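Structural characterization, general
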Amino acid sequence: MPAVPDDNPEGPPLLFVASSGGHLAQLLALEPWYRARSRHWVSFDTPDALSLLHGENVTWAHHPTTRNVWNLFRNLLLALRVVRRGRVSALLTTGAGVAVPFVFMAWVLRIPTVYIEVIDRIDTPTLTARLCRPLLSAMLVQWEEQRRFYPDATVVGQLI
């Protein structure tokens with residue numbers, strides 16, 4: 001995992017952004033790495049995310065995000081509030097749609113941003129990764145085969 005500007009557990013939090021389901025599960029797999037760090041989560045208030053993030057510092061994003069311009073706008077305003085207020089040290093995401101406004105806001109505020117392409121997209125890149133790629137500090141992939149879409153990406157191996 002790339003170095004994060006502030007490894008101090010009491011320092012500015014890491015911001016984890018992911019849709020619920022598999023995207024969230026892949027970020028949660030990083031738990032040994034982030035366990036001692038200050039963190040904040042953004043996901044959807046679905047039953048799985050409510051259970052998995054119980055006891056964590058969470059902001060619930062607006063969903064659905066697919067083809068929903070209104071929720072994109074609402075999540076952009078949410079991203080502005082969360083990222084600015086939290087004085088975030090870095091943003092990590094696996095997508096999907098909820099990541100776009102948060103990555104954009106982190107880019108505007110010059111906050112390091114890391115995107116981890118999901119494990120199940122080997123034959124084609126995700127739309128979210130393609131949209132976010134120009135704004136990222138680092139692109140990580142879980143399979144060597146994914147590097148044909150992201151030649152400068154770092155292969156980190158399977159998270160789950």
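Look above for the structure.
Here we summarise the structure given alongside this text. Since the model is a prediction, treat every value here as computed from it, not as a measurement.

What about the pairing of strand β5 (residues 113–116)?
Of the two faces of β5, both are covered, the one formed by T113 and Y115 as well as the one formed by V114 and I116. Here strand β4 (residues 90–95) pairs with β5 via 3 bridges, running parallel. Pairing of L92 across the sheet is with V114, part of β5. As for the winding sense of the linkage, the β-α-β connection from β4 through helix α5 (residues 99–108) to β5 is right-handed. Pairing geometry for β5 and strand β6 (residues 138–141), over 3 bridges, is parallel. When the sheet's bridge partners are listed, I116 is paired in β6 with L140. At this point the chain moves from β5, through helix α6 (residues 127–132), to the parallel β6, and the crossover so formed is right-handed.

Some remarks on the packing of aromatic side chains
This structure, assessed with the given rule, holds 6 aromatic pairs. Plain terms: the ring middles of F16 and W41 are 4.6 Å apart, the flat faces sit at 20° to each other, and that makes the pair stacked. Of this pair, F16 sits in strand β1 (residues 14–18) while W41 sits in strand β2 (residues 39–43), placing them 25 residues apart in sequence. Look at Y34 and W41: their rings are 5.5 Å apart centre to centre, the planes differ by 75°, and that puts the pair in the edge-to-face class. Linked through ring pairs, F16, Y34 and W41 together constitute an aromatic cluster.

Calculation notes
- Residues numbered from 1 in each chain as written.
- Predicted model: local features only at pLDDT ≥ 70, side-chain atom pairs only at ≥ 80, totals over all residues.
- Heavy atoms only, no water.
- Buried < 20%, exposed > 50% of the residue type's maximum accessible area, 1.4 Å probe, protein only.
- Helix = DSSP H or I, 4+ residues; strand = E, 2+ residues; numbered from the N terminus.
- Pairing = 2+ DSSP bridges.
- Right-handed = clockwise from strand over helix to strand, strands pointing away.
- Phe/Tyr/Trp six-rings, centres within 6.5 Å; stacked < 30°, edge-to-face > 60°.

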